Amino acid sequence: MKRIFLVLAILGVLGFVNCGGGNVYTSEQCEASLNNVFDKVTDAATEEDKAKFAPMKATLMGKLKKDCMEGKFDLDCLDKATNIAALQTCLK
């Protein structure tokens, strides 16, 4: 009997820990918002800075998109962001 309660307790804790961990936004929603921010940043940059920024975009996009999908960013804020500083303020 103790064994059954122990197993049920463990399953209950594991179920509670794993619940609700799904994505908040879709990949497409996050990618569109992030591309919009990156476009605004590159539009305002000098030609030299644009060349430096291009390789960084690919690296940043993966991490930022994952964080966005997990709900770490406010999507409405991302849509309004015009630079990197504004992007940082969108973190929840």
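Attention here is on the structure that accompanies the text. Keep in mind that what you see is a predicted model, and the values were worked out from it rather than measured.

Quick notes on the rules
- Residues numbered from 1 in each chain as written.
- Predicted model: local features only at pLDDT ≥ 70, side-chain atom pairs only at ≥ 80, totals over all residues.
- Heavy atoms only, no water.
- Helix = DSSP H or I, 4+ residues; strand = E, 2+ residues; numbered from the N terminus.
- Buried < 20%, exposed > 50% of the residue type's maximum accessible area, 1.4 Å probe, protein only.
- Areas by Shrake-Rupley, 256 points an atom, 1.4 Å probe, with all protein chains shown as cover.
- Salt bridge = Lys/Arg side-chain N within 4 Å of Asp/Glu carboxyl O.
- Expected span 1.5 Å × (residues − 1).
- Bend = angle between axes of the 7 residues up to and from the residue.
- Contact = heavy atoms within 4.5 Å.

1. Concerning the overall build of the protein
Then step 1. Scanning the protein for helices and strands turns up five helices and zero strands.
Then step 2. Scanning the protein from its N terminus toward the C terminus, one meets helices and strands in the order α-α-α-α-α.
Then step 3. Here the protein holds 92 residues, and 24% of them are scored as buried.
Then step 4. Within the structure as shown, the protein displays about 6500 Å² of accessible surface, and the carbon and sulfur contribution to it stands at 63%.

2. Describing the pattern of salt bridges
Then step 1. This structure, assessed with the given rule, holds seven salt bridges.
Then step 2. As a salt-bridge pair, Lys72 and Glu70 come within 3.3 Å of each other at their nearest N and O atoms.
Then step 3. Look at the salt bridges and you will find they share partners, linking Lys63, Lys66, Asp67, Glu70 and Lys72 into a network.

3. Digging into helix H3 (residues 47-69)
Owing to its 3.6 residues per turn, the α-helix aligns residues three or four sequence positions apart on the same side.
Then step 1. The end-to-end C-alpha separation of H3 is 31 Å, in line with the 33 Å expected for 23 residues at 1.5 Å each.
Then step 2. The sharpest bend along H3 reaches about 35° and sits at Met56.
Then step 3. For H3, the full list of buried residues reads Phe53, Met61, Leu64, Asp67, Cys68 and Met69.
Then step 4. On its buried face, H3 is in contact with helix H2 (27-44), helix H4 (75-80) and helix H5 (84-89).
Then step 5. Once H3 ends, the next one or two residues include Gly71, with phi positive near 90°.

4. A few points about the environment of Ile84
Then step 1. Tracing the sequence through the fold places Ile84 in helix H5.
Then step 2. Residue classification places Ile84 among the partly exposed residues on the basis of a relative accessible area of 34%.
Then step 3. It is 8.5 Å that separates the C-alpha atoms of Ile84 and Phe38, two residues lying 46 residues apart in sequence.

Honestly, it's all geometry; don't read function into it.
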